[in-house]
Amino acid sequence: MTAATETGSNKDRVIIFDTTLRDGEQCPGATMTFDEKLEVAELLDEMGVDIIEAGFPAASDGDFESVAEIARRSNNAVICGLSRTGLADIDRCGAAIKPAKRGRIHTFISTSPLHMSVKLGMTPEQVLQATIDAVTRARKWTDDVEWSAEDATRTEIDFMCKIVEAAIKAGATTINLPDTVGYTTPQEYQAMFETVRARVPNSDKAIFSVHCHNDLGMAVANSLAGLAGGARQIECTINGIGERAGNAALEEVIMAIRTRQDALPYDTAIETTMLNRASKLVSAVTSFPVQYNKAIVGRNAFAHESGIHQHGMLKSSLTYEIMTPESVGVSKTSLVMGKHSGRAAFREKLKEMGYELGENALNDAFRRFKDLADRKKIVYDEDIAALVDDEIVNANDRFKVTALTVIAGTAGPQSAALTMEIDGVKQTHQATGNGPVDAIFNAITALIPHKANLELYQVHAVTGGTDAQAEVSVRLSEDGREVTGKGADPDTLVASARAYVAALNKLVINRGREKAQGAGAG
Ligand code: KIV
Ligand code: ZN
């Protein structure tokens, strides 16, 4: 079976399977709230992603509900849920995807000798039977069933061929062979697909899929090599977030295919001008900053600093640019914003940057923009993005910072007087600390008692200049759960308070999520 071509072109269509909300969300600290997941799913759907893996329904009630709600709302994409091979898990997954126009169950089990013996304590025969049973059960819920051989790249080839054949015979329509531990090389991965497709007699009845982790920095290269081996589905995440070093980055895969059609003659349905927006949204909701030199969506991806490069660029952008910033949604600024800009111009600017806010959020963002413009000479697009992301992510929070006064300097102890709105009620507390940030965090803890540990405190300037906004990330952990919060403000201490409180808001939302024992997948 090959992927359908809808475009009428003679190129093979590659199916884009996004797992930002499942594998991406599994990475420590990247937890998203229910509303954030819906927002990411809506954008992925609009961007042309074919399949959205929305979560792991058996892992928690929260995951079940978000998969079901995404299934209810999605317009175009197939909505997929992940499931272990246990029949109760499959049924839970089936129920979660039921509201979707088109739903998929993705069931997986480890097939490498190491995983089967050490992790599962199962014999190959038991793994084979569990696969058959799971796929058969999943087919009772939907005729779109994906089966994954976890740790495929360390699986013995004879067993792999045998189990793939059995999975297809039981009704699997997509076969995913993941490089779970990010160990393979492009040549090896391509050869694995060629061998399995050639040796498995019913291989033409399924679409083969790649799923690569980035432990050796080869996830995108390996994914593309899998296509050369005959795979026609790529599993990937926005910004490459995911377990450990992450997954193959969707934006890199897509732009490689688009830019190198000579070497990679495939079609996808992705609207590339939405890539930058998707990257910003995922970074905002996970509070995971995008590395400056990240391909495609990093802040420096289209910046030309050296004199020689700038000289070349002035003559022709082709000298140093293999794709245009506009093609990934980075617009050349047409509207310069400042303190005289009105609400209409602000709305227009947001539209240009790819944001669409409701009336209330727009009013709040505009108020903050005016405040910022009074304090800062030039308001850059990055400033607006930081402010709007902060507004979007923290709009429905239970806890809000409303006022902060800090006394800092050489004569300690430093102190912070903090006023917060907690469930709509204003409360103030004054605390001292070993430095101003410590004093603020102590005041927050007095107002919102909690036992979470501070794992990370990180500050970066959104733009250049001493009046730049500070963007602070705070990561907290509680009972093995990690959450990250982000806050932006020209005052680093206010941004710090906002970030800490944003993380606490997430922690409170996530407290109810009891993860099923051992539910984690690669
Ligand atoms: O990396 C992996 O093997 C996975 C599977 C669950 C598909 O994420
Ligand atoms: Zn994975």
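Once a new chain begins, its residue numbering starts again from 1 and follows that chain's sequence as written. Written order decides the labels, with chains lettered from A and ligands numbered from 1. Under the rules for a predicted model, residues below a pLDDT of 70 receive no local features and side-chain atom pairs below 80 are neither given nor counted, while totals for whole chains, interfaces and linings still include all residues. Think of the side-chain values as coming from all heavy atoms in the structure, minus any hydrogens and water.

J.: Help me understand the nonpolar core, please; the structure alone is not making it clear to me.
T.: To form a nonpolar core, buried Ala, Val, Leu, Ile, Met, Phe, Trp, Tyr and Cys residues must be joined to one another through side-chain atoms within 4.5 Å. Throughout this description, buried means an accessible area under 20% of the type-specific maximum (1.4 Å probe, protein chains only), exposed means over 50%, and partly exposed covers the range between. By size, the foremost hydrophobic cluster in this structure holds 92 residues, and its most contacted members are M47, W147, V164, I175 and L177. Only DSSP runs of H or I reaching four residues or more are called helices, and only runs of E reaching two or more are called strands; each is numbered from the N terminus. At nine residues, the largest contribution of residues to this core is made by helix α7 (residues 157–170). For this analysis, residues touch if any pair of their heavy atoms sits within 4.5 Å. Once residues lying within four places of it in the same chain are set aside, the contact partners of V164 are W147, I175, L177, V196, V200 and F208. In this structure, F441, I444, L447 and L476 belong to the second largest nonpolar core, which totals 30 residues.

J.: Explain helix α2 (residues 34–47) here, please?
T.: Because each turn of an α-helix spans 3.6 residues, side chains separated by three or four positions end up pointing in the same direction. Given the number of residues in a helix, its expected span is that number minus one, multiplied by 1.5 Å. The end-to-end C-alpha distance of α2, which contains 14 residues, comes to 20 Å, matching closely the 20 Å that a straight helix rising 1.5 Å per residue would cover. All of the buried residues along α2 are E36, K37, L38, V40, A41, L43, L44, D45 and M47. Phi turns positive one or two residues past the end of α2, at G48, with a value near 105 degrees.

J.: I would appreciate a short explanation of the domain arrangement of the chain in the present structure.
T.: Much of the literature gives interface size as the accessible area that the parts lose upon coming together. Note: domain ranges come from an automatic or database domain assignment. What the domain assignment reports for the chain is domain 1 (13–286), domain 2 (333–393) and domain 3 (399–521). Its C-alpha centre places domain 1 at a distance of 37 Å from the equivalent point of domain 2. Listed per partner, the contact involves six residues of domain 1 and seven residues of domain 2. Contact between domain 1 and domain 2 buries roughly 520 Å² in total, counting both sides, with carbon and sulfur atoms accounting for 59%. For this analysis, a salt bridge means a side-chain nitrogen from Lys or Arg found within 4 Å of a carboxyl oxygen belonging to Asp or Glu. The interface formed by domain 1 and domain 2 contains zero salt bridges. Breaking the side of domain 1 that touches domain 2 down by element, the ones donating at least two residues are α2 and α11 (275–286). Ranked by residues supplied to the side of domain 1 that touches domain 2, first place goes to α11 with four residues. Accessible surface is computed with a 1.4 Å probe, and the buried area is the amount of it that two parts give up when combined, taken over both parts together.

J.: Would you explain the packing of aromatic side chains in this entry?
T.: To describe a pair of aromatic rings, one takes the distance between the centres and the angle between the planes. Only Phe, Tyr and Trp rings take part, Trp by its six-membered ring, and two of them pair if their centres are within 6.5 Å. Stacked means planes under 30 degrees apart, edge-to-face means over 60, and tilted covers everything else. The full count for this structure, using the stated rule, is seven aromatic pairs. For the ring pair Y189 and F193, a centre distance of 5.0 Å and an interplane angle of 90 degrees mean the geometry is edge-to-face. Here Y189 and its partner F193 are both found in helix α8 (residues 186–199), four residues apart, which amounts to about one turn of the helix. Centre to centre, the rings of F441 and Y457 are 5.9 Å apart; their planes meet at 80 degrees, and the pair counts as edge-to-face. Note that F441 is positioned in helix α16 (residues 436–447) and Y457 in strand β14 (residues 453–461), a separation of 16 residues in sequence. Under the relative-accessibility criterion, Y457 is labelled partly exposed at 33%. We note R92 situated over the ring of F64; from NZ or CZ to the ring centre the distance is 3.9 Å. The ring of Y292 has R299 sitting right over it, with the charged end atom 4.3 Å from the ring centre. Remark: a charge is flagged as sitting over a ring if the NZ atom of Lys or the CZ atom of Arg is within 6 Å of the ring centre and within 35 degrees of the ring normal.

J.: Looking at this model, I keep getting lost on the packing of helix α13 (residues 343–352) against helix α14 (residues 359–375). Mind explaining?
T.: Relative orientation and spacing of two packed helices are given, respectively, by the angle between their axes and the distance between those axes. Where α13 meets α14, the axes come as close as 11 Å, and the angle between the chain directions of the two elements is 110 degrees. By the angle between their axes, α13 is roughly perpendicular relative to α14. Residues R343, F346, R347 and L350 of α13 form the contact with α14, whose own contacting residues are E359, L362, N363, A365, F366 and F369. Under the scheme applied, nonpolar residues are Ala, Val, Leu, Ile, Met, Phe, Trp, Tyr, Cys and Pro; charged residues are Asp, Glu, Lys and Arg; polar residues are all the others, including Gly. Classifying every residue of the contact of α13 with α14 by side-chain character gives six nonpolar, one polar and three charged. Here an angle of 0 to 180 degrees is reported between the N-to-C directions of two axes, which are lines fitted to C-alpha atoms, with helices fitted over the stretch in contact. For classification purposes, angles smaller than 35 degrees are called roughly parallel, those larger than 145 roughly antiparallel, those between 65 and 115 roughly perpendicular, and all remaining angles oblique.

J.: Is there a simple way to explain a nonpolar patch on the surface in this structure?
T.: Taken together, L454, Y457 and V459 make up a surface patch of nonpolar side chains, about 240 Å² in accessible area. Take L454: it is sitting in strand β14. Its relative accessible area of 42% is what places L454 among the partly exposed residues. Any residue with relative accessible area above 30% and no salt bridge may belong to a patch, with like charges joined within 9 Å and the nonpolar Val, Leu, Ile, Met, Phe, Trp and Tyr side chains within 5 Å. To measure how exposed things are, a 1.4 Å probe is used in the Shrake-Rupley method; for residues, cover is taken only from the protein chains shown.

J.: Teacher, can you tell me more about the environment of T237 here?
T.: Mapped onto the fold, T237 is located in the loop between β9 (233–236) and α10 (250–259). Using a relative accessible area of 0% as the deciding quantity, one classes T237 as buried. Taking the C-alpha atoms as reference points, T237 and Q261, 24 residues apart in sequence, are found 22 Å from one another. Those residues in contact with T237, other than ones at most four positions away along the chain, are D18, T19, T20, G24, N247, A248, A249, L250 and E251.

J.: Looking at this model, I keep getting lost on the sheet that holds strand β12 (residues 414–422). Mind explaining?
T.: Paired strands, in this sense, are two strands between which DSSP finds at least two bridges. Taken together, three strands build an open sheet; the order of strands is β11-β12-β13 and the sheet is antiparallel. Strands at the two margins of the open sheet, each flanked by one partner only, are β11 (399–407) and β13 (425–433). In this sheet, adjacent strand axes meet at a mean angle of 20 degrees when their direction is disregarded. Relative to β12, β11 runs antiparallel, the two sharing eight bridges. Following the sheet pairing, V406 is matched in β12 by A416. Lying on the sheet, α16 is in contact with β11, β12 and β13; it crosses β13 at an angle near 140 degrees. Contacting β11 and β12, helix α17 (residues 492–510) runs over the sheet at an angle of about 150 degrees to β11.

J.: What's the story with the sheet that holds strand β15 (residues 470–478) in this structure? I'm lost.
T.: Through backbone hydrogen bonds, the strands of a sheet pair up, either in parallel or in antiparallel fashion. An order of β14-β15-β16 is seen for the three strands of this open sheet, with the pairing classed as antiparallel. Taken across any chain shown, the strands that pair with only one partner, and hence form the sheet edges, are β14 and β16 (481–489). If you compare each strand with its neighbour and ignore which way they point, the axes differ by 15 degrees on average. In this sheet, β16 lies alongside β15 in antiparallel orientation, the contact comprising nine bridges.

J.: How do you make sense of the pairing of strand β8 (residues 207–212) when you look at a structure like this?
T.: Two faces belong to every sheet, and in a regular strand the side chains alternate between them. The element β8 is extensively covered by neighbouring structure, given that six of its six residues are classed as buried. Examined bridge by bridge, strand β7 (residues 174–179) and β8 share six bridges and lie parallel to one another. When the sheet's bridge partners are listed, I175 is paired in β8 with F208. Remark: the β7/α8/β8 crossover connection has right-handed handedness. Sheet topology note: the β8/β9 ladder contains three bridges and is parallel. Opposite S209, over in β9, you have Q233 as the bridge partner. Consider the strands pointing away from the viewer: the crossover is right-handed when the path from the first strand over the helix to the second runs clockwise. This β-α-β element, β8 to helix α9 (residues 219–228) to β9, shows right-handed connectivity.

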